[in-house]
Amino acid sequence: MQRQRGLTLLELLVVLAIIAILSAGVALAMRDNSQTQLEREAQRLIAKLEAARVQSRAQGLPLVWRATGSGFVIETPVVGSGFVAQSEDWLSADISIGMSSGIKTITLGPEPIIPPATITLSKASGQSSGAKPMNLRIGTDGLQPFHRLP
């Protein structure tokens, strides 16, 4: 008697189960959690602040950073026409911002030393209404670049 070639139904089900488990693991590993989103926003804000500081020193004009409800604005003075505002929104809608000691704006340059400033980024965890929001602080002592604070 000759045996037929091919896969049995059981072998096929085992292969499909292995593929399903692996794809679920990959999907969970690729999911962006709240802490990662907050860290990404902080790195983006640090880069924008430092770029504005460099631009201010190169142009010899002060740039003003201020928080808005959905992100932040960097205002550049233009001779004869006031300010030109470059607006940036947060990548995630549930990010909010707090400033140290009631400061609402940060003046960036053109001097190498600016007043010390601390910015706190917060993100609601979203799991439940009573969940504690996550916070991440960035700041400068006025001389060093902006960086993440412990």
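Residues numbered from 1 in each chain as written. Predicted model: local features only at pLDDT ≥ 70, side-chain atom pairs only at ≥ 80, totals over all residues. Heavy atoms only, no water.

Asker: Looking at this structure, how should I read the sheet that holds strand β5 (residues 105-108)?
Answerer: The strands that make up a sheet pair up through hydrogen bonds in the backbone, lying either parallel or antiparallel. Read across the sheet, 4 strands follow the order β3-β2-β1-β5 without closing on themselves; strand pairing throughout is antiparallel. For this open sheet the edge positions go to β3 (82-89) and β5, each flanked by a neighbour on one side alone. Strand-to-strand, the axes of this sheet are offset by a mean angle of 20°, without reference to chain direction. (Pairing = 2+ DSSP bridges. Helix = DSSP H or I, 4+ residues; strand = E, 2+ residues; numbered from the N terminus. Axes fitted to C-alpha atoms, helices over the stretch in contact; angles between N-to-C directions.)

Asker: Explain the pairing of strand β2 (residues 71-78) to me, please; I cannot follow it from the model alone.
Answerer: Strand residues, when the strand is regular, have side chains that alternate between the two faces of the sheet. For β2, the buried fraction is high: 6 of the 8 residues fall into the buried class. In the sheet, strand β1 (residues 63-67) pairs with β2 via 4 bridges, with the strands oriented antiparallel. Across the sheet, the residue bridging to R66 is V73, located in β2. Pairing of β2 with β3, which is carried by 8 bridges, proceeds in the antiparallel orientation. Its bridge partner lying in β3, P77 is registered against F83. Counting the residues between successive antiparallel strands, the hairpin from β2 to β3 contains 3 residues, one of them, G80, with a positive phi of roughly 85°. (Buried < 20%, exposed > 50% of the residue type's maximum accessible area, 1.4 Å probe, protein only.)

Asker: So what exactly am I meant to see when it comes to the pattern of salt bridges here?
Answerer: It is possible for side chains of opposite charge to pair when their charged atoms get near one another. Here the structure, examined in full by the defined rule, presents 7 salt bridges. Between R148 and E39 there is a salt bridge, with its nearest N and O atoms 3.6 Å apart. Of this pair, R148 sits in strand β8 (residues 147-149) while E39 sits in helix α2 (residues 34-59); the two residues are 109 residues apart in sequence, bridging distant segments of the chain. Via salt bridges that share partners, E41, R44, K48 and E88 belong to a single interconnected network. (Salt bridge = Lys/Arg side-chain N within 4 Å of Asp/Glu carboxyl O.)

Asker: Looking at this model, I keep getting lost on the confidence of the model for the protein. Mind explaining?
Answerer: Regions with low pLDDT carry predicted coordinates that are not meant to be interpreted in detail. For the protein, the mean per-residue pLDDT works out to 85, and 91% of the residues sit at or above 70. Averaged pLDDT values for the elements of the protein fall to 82 in strand β4 (residues 95-99) and rise to 94 in β8. (pLDDT = per-residue confidence, 0-100.)

Asker: Please clarify how the nonpolar core should be interpreted in this entry.
Answerer: A general tendency of soluble globular proteins is for nonpolar side chains to be buried together. Ranked by internal contacts, the top residues of the largest apolar core, which has 21 residues, are L45, L49, W65, I106, L108 and I138. When residues of this core are traced back to their parent elements, those giving at least two are α2, β1, β2, β5, β6 (117-123) and β7 (134-140). At 6 residues, α2 tops the list of elements feeding residues into this core. (Core = buried A, V, L, I, M, F, W, Y, C linked by side-chain atoms within 4.5 Å.)

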